Amino acid sequence: MALLTCQDLSLGYEGHEILSHLSFEVNKKDYLCIVGENGSGKTTLMKTILGLQSPMGGSITMGDGLKQTEIGYLPQQTVVQRDFPASVREIVLSGCQNRCGLRPFYNKEEKQLAEENMERLGLTSLKKRCYRELSGGQQQRVLLARALCATQKILLLDEPVSGLDPKVTQEMYHLIEELNKKDGITIIMISHDIEAAVRYADHILHIGKTVFFGKTEGYLKSEAAYGFMRGDGIA
Amino acid sequence: MTEVFGKIVLYWQYPFVRYALIVGVLIALCSSLLGVTLVLKRFSFIGDGLSHVAFGAIAIATVLDLTNKMPLVMVITILCAVLLLRMGQNTKVKGDAAIAMVSVGALGIGYLIMNIYSTSSNLSGDVCSTLFGSTSILTLTQTEVWICVVLSVVVVAVFILFYHKIFSVTFDENFAKATGTNADAYNLLIAVVIAVIIVLAMNLVGSLLISALVIFPALSAMRVFKNFKSVTYCSAILSVSCALLGILISIVGETPVGSTIVAVDIAVFALFCLIGMFRGGVKA
Ligand SMILES: Nc1ncnc2c1ncn2[C@@H]1O[C@H](COP(=O)(O)OP(=O)(O)OP(=O)(O)O)[C@@H](O)[C@H]1O
Ligand SMILES: [Mg+2]
């Protein structure tokens, strides 16, 4: 059974439908990129998959014994209130929350995991700093480190490289690839970087006026890709 | 100076003063713990609304002539906390408006009930002490002291046990939910704990000044510290010291306890604003 199956899914807000009749599935160790124009509903789709909002129709099934607590998530935007006093370390560590269950405190392994992920994303020197006082790219890295702490099986990323400099962007892509290939973590990523998407991902879901779901090789030959990659697909 | 000291020593011999200090310190500790969460989540409105609900509940308890008002007040306030939380989550009814409705309604009805049914000769005195807690801390019975102590211990224990979860839910509720933390349950827990704290704090500062007791220490701490843990520790320490100082000043100077504590809190807030400015350069 697939890790995640979406069947005839419709989504939207308050009675207003954005996308309908969407069907696709994600298997273990897949690397799926979701592409599409601004406002086509990518973030909405991801939130629906995560259970943050309910679908207007159709179903989402998690298979292979995937539990909600084994998911890592990087939001597109996190609205953190002004003045929220939180250090980088506290935030990254909060990614381990889903491993704790009802246990009140983090254990050694979890703290170690947080340290490793901060190291991985070059945050070690910032770990005592206040999150609100970091730059946009630094904040993005903190949230990614948190997502890495949370995941054991599947990682959902909503535009992980937006706001990162070219060097860190490349490192980020390598890191995600490594997580996918070496650690066997399933990746679902929303991206506007179509070139990187077709280079790294093995499956593409294109949503918008034309919908495409399938292997990357197939996508490159499809109509959806033709308009989109040339740029005239952007209305 | 020795005169002031002598006065304190003299008063210390009275049990009600000792009770007041013990209970005051515990309540101050509890109320500071959730301050940050309250400030940062929309829950600050709930806190404010609940204090008015608690006033209404006291009115009912007074009219019923209960010897021990706290259990009834506690039940009503907790129920309202759950109700307000539900309303706040409902996107159709605007949460803030609902809270304003409930809180002002409770205040109005409470005063009305007291006016109609109260047999007390000193009605405005009763109302005033419920609103501003002018004497209630000094007139606690031994049972009430014990209830306060037990509840405070429970609140502190719950806070320590759920500290990390409260942090996650306060910082980023969506992430917590998406990764399988039962955010709704923790929101409910936070609301119930806030209700308990408010009923406790009514004894110390009265219902109108509760928000000040809850929010000022957290705001002061946030001026200077930038991580959750330090802010939590700092606001706990500030709250306890301000309460102690406030109670002592009010004993010596014969001022109302609640407003004196709040005045001390405000003074400390001003001080911490200054410290914050010097530390981090001038910021908006
Ligand atoms: N909270 C909301 N309430 C109502 N409508 C919304 C809400 N959030 C988004 N929308 C609408 O839903 C549509 C899809 O939004 P969504 O955020 O999913 O797009 P997206 O594909 O992620 O775009 P982007 O590439 O800019 O991130 C948009 O037309 C948007 O206006
Ligand atoms: Mg989006």
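Residues numbered from 1 in each chain as written. Chains lettered and ligands numbered in written order. Predicted model: local features only at pLDDT ≥ 70, side-chain atom pairs only at ≥ 80, totals over all residues. Heavy atoms only, no water.

Helix and strand counts for chain B stand at 14 helices and zero strands. For chain B, the sequential pattern of α-helices and β-strands runs α-α-α-α-α-α-α-α-α-α-α-α-α-α. The burial tally for chain B puts 51% of its 284 residues in the buried class. (Helix = DSSP H or I, 4+ residues; strand = E, 2+ residues; numbered from the N terminus. Buried < 20%, exposed > 50% of the residue type's maximum accessible area, 1.4 Å probe, protein only.)

Once that is clear, we can look at the overall build of chain A. A tally of regular secondary structure across chain A gives nine helices and nine strands. For a compact globule of 235 residues, the expected C-alpha radius of gyration is about 18 Å, and chain A comes in at 18 Å, within 12% of that figure. Projecting the C-alpha coordinates of chain A onto the three principal axes gives extents of approximately 50 × 40 × 35 Å. Counting the 235 residues in chain A, one finds 54% classified as buried. (Rg over C-alpha atoms; globule rule 2.2 N^0.38 Å.)

Attention now moves to the coordination of the magnesium ion (ligand 2). Here the magnesium ion (ligand 2) is held by Thr-43 of chain A (OG1) and Gln-76 of chain A (OE1), and the distances to it run 1.8 to 2.2 Å. Of this pair, Thr-43 of chain A sits in helix 1 (residues 42-49) while Gln-76 of chain A is found in the loop between strand 5 (71-74) and helix 2 (88-94), placing the two residues 33 residues apart along the sequence. (Donors = N, O, S within 2.8 Å, 3.2 Å for Na, K, Ca; no water.)

For the rest of this paragraph, the subject is the packing of helix 8 (residues 142-161) of chain B against helix 11 (residues 183-205) of chain B. The relative placement of two packed helices comes down to the angle between their axes together with the axis-to-axis distance. Residue and element names in this part refer to chain B. Between helix 8 and helix 11, the shortest axis-to-axis distance is 11 Å and the interhelical angle comes to 145 degrees. Here helix 8 runs over helix 11; the crossing is left-handed. Within the contact between the two elements, helix 8 uses Cys-148, Leu-151, Ser-152, Val-155 and Val-158 and helix 11 uses Leu-189, Val-193, Val-196, Ile-197, Leu-200 and Asn-203. Classifying every residue of the contact of helix 8 with helix 11 gives nine nonpolar, two polar and no charged. (Axes fitted to C-alpha atoms, helices over the stretch in contact; angles between N-to-C directions. Left-handed = near helix turned anticlockwise from the far one by under 90°. Contact = heavy atoms within 4.5 Å. Nonpolar A, V, L, I, M, F, W, Y, C, P; charged D, E, K, R; others polar.)

This brings us to the sheet that holds strand 8 (residues 203-206) of chain A. Either a parallel or an antiparallel arrangement is found when strands of a sheet pair, and the pairing is made through backbone hydrogen bonds. All names here are of chain A. Across the sheet, six strands lie side by side as 5-6-7-3-8-9; this open sheet has mixed pairing. Here the strands that pair on one side only, and so sit at the sheet edges, are strand 5 and strand 9 (212-215). Each strand axis lies, on average, 10 degrees off the axis of its neighbour in the sheet, ignoring direction. Bridge analysis of strand 6 (residues 154-158) against strand 7 (residues 186-190) gives five bridges, and the strand direction is parallel. Note that in strand 7 the partner of Leu-157 across the bridge is Met-189. With respect to the sheet, helix 1 is in contact with strand 3 (31-35), strand 5, strand 6, strand 7 and strand 8, its orientation differing from that of strand 6 by roughly 150 degrees. (Pairing = 2+ DSSP bridges.)

All names here are of chain A. In the vicinity of ligand 1 lie 13 residues, with Gly-39, Lys-42, Thr-43, Thr-44 and Gln-76 positioned nearest. In the environment of ligand 1, an oxygen atom lies 2.9 Å from a nitrogen or oxygen atom belonging to the side chain of Asn-38. Contacts to ligand 1 include Gln-76, whose side-chain N or O atom sits 2.9 Å from an oxygen atom. Calculation on ligand 1 without its partners gives an accessible area of 640 Å², and the protein chains cover 59% of this total. Per element, the largest residue contribution to the shell around ligand 1 is three residues, and it comes from helix 1. (Near = heavy atom within 4 Å. Polar contact = N/O pair within 3.5 Å; in protein donor to acceptor, adjacent residues only side chain to side chain. Areas by Shrake-Rupley, 256 points an atom, 1.4 Å probe, with all protein chains shown as cover.)

Taken together, the contact between chain B and chain A spans 30 residues of the former and 35 residues of the latter. Carbon and sulfur atoms supply 64% of the area buried between chain B and chain A, which totals about 2,700 Å² over both sides. Across the chain B-chain A interface, the total number found is two salt bridges. Measuring nitrogen to oxygen at the nearest pair gives 2.9 Å for the salt bridge that ties Asp-172 of chain B to Arg-146 of chain A. (Buried area = accessible area lost by both parts, 1.4 Å probe. Salt bridge = Lys/Arg side-chain N within 4 Å of Asp/Glu carboxyl O.)

Turning next to the confidence of the model for chain B. The predicted coordinates of low-pLDDT regions are not to be read in fine detail. Within chain B, residue pLDDT values average 83, and 88% of them lie at 70 or more. Reported confidence for the predicted complex is 0.87 by ipTM and 0.86 by pTM. (pLDDT = per-residue confidence, 0-100.)

On to helix 9 (residues 163-171) of chain B, then. By the criterion of burial, helix 9 of chain B is predominantly enclosed, with nine of the nine residues buried. The complete set of buried residues in helix 9 of chain B reads Tyr-163, His-164, Lys-165, Ile-166, Phe-167, Ser-168, Val-169, Thr-170 and Phe-171 of chain B.

All names here are of chain A. Within the open sheet, the three strands sit side by side as 2-1-4. Their pairing is antiparallel. Looking at the sheet topology across the chains shown, the edges are occupied by strand 2 (16-26) and strand 4 (57-62). Across this sheet, the average inter-strand angle for adjacent strands is 30 degrees, counted without regard to direction. Here helix 1 sits on the sheet and contacts strand 1 (4-13), strand 2 and strand 4; the angle it forms with strand 1, its principal contact strand, is near 120 degrees.

All names here are of chain A. The phi dihedral of Glu-14 falls on the positive side, at around 45 degrees, and the residue is not glycine. Along the chain, Glu-14 turns up in the loop between strand 1 and strand 2. What makes Glu-14 exposed here is its relative accessible area of 74%.

On to the domain arrangement of chain A. Residue and element names in this part refer to chain A. Domain boundaries assigned for chain A yield domain 1 (1-66 + 153-235) and domain 2 (77-152). Averaged C-alpha coordinates put domain 1 and domain 2 at centres separated by 24 Å. The interface of domain 1 with domain 2 comprises 17 residues on the first partner and 10 residues on the second. Interface area, domain 1 with domain 2, both sides summed: about 980 Å², of which 67% is carbon and sulfur. It is Lys-153, Leu-155 and Leu-175 that lose the most area in domain 1 upon contact with domain 2, and together they represent 36% of the buried surface on that side. Here domain 1 and domain 2 share two salt bridges between them. One salt bridge in this structure joins Arg-120 and Glu-178, with 3.8 Å as the shortest N-O distance. Linking domain 1 with domain 2 are four residue pairs in polar contact (both at pLDDT 80 or more). When residues of the side of domain 1 that touches domain 2 are traced back to their parent elements, those giving at least two are strand 6 and helix 6 (166-181). When residues of the side of domain 1 that touches domain 2 are assigned to their parent elements, the largest contribution, five residues, is made by helix 6. Looking at the side of domain 1 that touches domain 2 residue by residue, the class counts come to 11 nonpolar, two polar and four charged. (Domains from an automatic or database assignment.)

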